[in-house]
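Close look at the chain arrangement
So the chains spell out like this:
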Amino acid sequence: ETAPVNTTVKWDGAPAIIAGIDPADGQFFVGAKGVFAKTPKINYTKNDIAENHGTDDLGKKLLKCLVHLKKLNIQGVVQGDLLFTDEDITRKNIGGKPHITFTPNTITYAIPENSNLASRILKSKMGIIFHTSYTGRKMSDLKANFGVNVNRFSKTPAVFFDDAGYKDTSGVATFTELESDQYDALLRMAVGSIS
């Protein structure tokens, strides 16, 4: 007998966002990887974000996360990859058709503008894909667990979110032709290096 295999998608989001309820004091927080530092950078307020991260791009993104992820009523602590904030969305014609695009890290995601997915994204203030949950009695001893049950989160149009489970998005979210060619070239190089 074979066990089922969980297939996930590695989304190319950035930065990593850790959010939820601090188990030590019950307060909602957001942070980046600094949450796990020896001297943790945990943000409960706008002032915490300004002090820990400044008001540049990371500070602005964390502030959006603080305001909008709170609406999800996350129980426990979760981690995800930030895909976009509303300022990151651009419009491009691809193959003569209008698309919305965003580039959180190295990959540009393109979605046909007339799709339901694009409509949800355009109504949101931010997008995030959750992939890890944590358990423990205090931040310093949290244990990571693969996967997040996003069905328990409250829905809000302000946040486009999902888990990293595989979903067939062929024909909806696609590479541009240039990105597809670059991906094929990298794949050929990788295959060549292990042959």
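Please refer to the structure placed before this passage.
All of these numbers come straight from a predicted model, not from anything done at the bench. (Residues numbered from 1 in each chain as written. Predicted model: local features only at pLDDT ≥ 70, side-chain atom pairs only at ≥ 80, totals over all residues. Heavy atoms only, no water.)

Things to note about the side chain of Q79
Test applied: A run of H or I in DSSP becomes a helix once it reaches four residues, and a run of E becomes a strand once it reaches two; helices and strands are each numbered from the N terminus. Every residue pair with non-hydrogen atoms within 4.5 Å of one another is taken to be in contact.
Structurally, the position occupied by Q79 is in strand β3 (residues 77-85). Apart from the residues lying within four places of it in its own chain, the contact partners of Q79 are A16, I17, I18, K33, F36, I129, F130, H131, T132 and Y134.

Comments concerning the nonpolar core
Generally speaking, soluble globular proteins have nonpolar side chains that are buried together. Test applied: To form a nonpolar core, buried Ala, Val, Leu, Ile, Met, Phe, Trp, Tyr and Cys residues must be joined to one another through side-chain atoms within 4.5 Å. Summary of the burial criterion: residues with accessible area below 20% of their type's maximum are buried, those above 50% are exposed, and those between are partly exposed, where the area comes from a 1.4 Å probe applied to protein chains only.
If you look at the biggest cluster of nonpolar residues, it comprises 22 residues, and the most contacted ones within it are V30, L69, F130 and F153. Ranked by the residues each element gives to this core, the list is headed by helix α2 (residues 57-69), at four residues.

What about the pattern of salt bridges?
Short version of the rule: Just to be clear on terms, a salt bridge is a Lys or Arg side-chain nitrogen sitting within 4 Å of an Asp or Glu carboxyl oxygen.
According to the stated counting rule, one finds five salt bridges in the structure shown. Residue K61 is joined to D88 by a salt bridge in which the shortest nitrogen-to-oxygen separation is 2.7 Å. Note that K61 is positioned in helix α2 and D88 in the loop between β3 and β4 (90-94), a separation of 27 residues in sequence. Since its relative accessible area comes to 9%, K61 is described here as buried. In this structure D88 comes out as partly exposed when scored by relative accessible area, which is 27%. Across the pair K125 and D86 runs a salt bridge, and its minimum N-O distance is 3.9 Å. One end of the pair, K125, is in the loop between α3 (116-123) and β7 (126-135); the other, D86, is in the loop between β3 and β4, and 39 residues separate them in sequence. Its relative accessible area of 36% is what places K125 among the partly exposed residues. By sharing partners, the salt bridges in this structure join K64, D86, E87 and K125 into a single network.

Topic: unusual backbone geometry
Positive phi, normally seen in glycine, also occurs at N73, with a value near 55°. Within the secondary structure layout, N73 lies in the loop between α2 and β3. A residue is classified by how much of its surface remains accessible, and N73, at 46% relative accessible area, is partly exposed.

Concerning the pairing of β7
Condition: When DSSP finds two or more bridges between two strands, those strands count as paired.
Among the ten residues in β7, nine count as buried, and that is most of the element. Bridge count between β3 and β7: eight bridges; the pairing is antiparallel. Bridging from a neighbouring strand, G80 pairs with F130 of β7. Strand direction decides the pairing type here: β7 and strand β9 (residues 159-163), joined by five bridges, are parallel. Bridge pairing in β9 places I129 opposite D162. Relative to strand β8 (residues 143-146), β7 runs antiparallel, the two sharing four bridges.

A short note on the sheet that holds strand β5 (residues 97-102)
Applied cut-off: Note on definitions: angles span 0 to 180 degrees between N-to-C directions of axes, and those axes are lines fitted to C-alpha atoms, for helices only across the stretch in contact.
One open sheet holds the three strands; their spatial order is β4-β5-β6, and the pairing between them is antiparallel. Unpaired on one side and paired on the other, β4 and β6 (109-112) mark the two borders of the sheet. Averaged over all pairs of adjacent strands, the angle between strand axes in this sheet comes to 40°, irrespective of strand direction. Note: β4 against β5, five bridges, orientation antiparallel. Bridge pairing in β5 links R91 to I100.

Topic: the environment of G76
Tracing the chain through its elements places G76 in the loop between α2 and β3. Accessibility expressed as a relative area gives 32% for G76, which makes it partly exposed. Sequence spacing of G76 and G26 is 50 residues, and the spatial spacing of their C-alpha atoms is 9.3 Å. Contacts of G76, omitting those with residues within four sequence positions, involve A19, G20 and I21.

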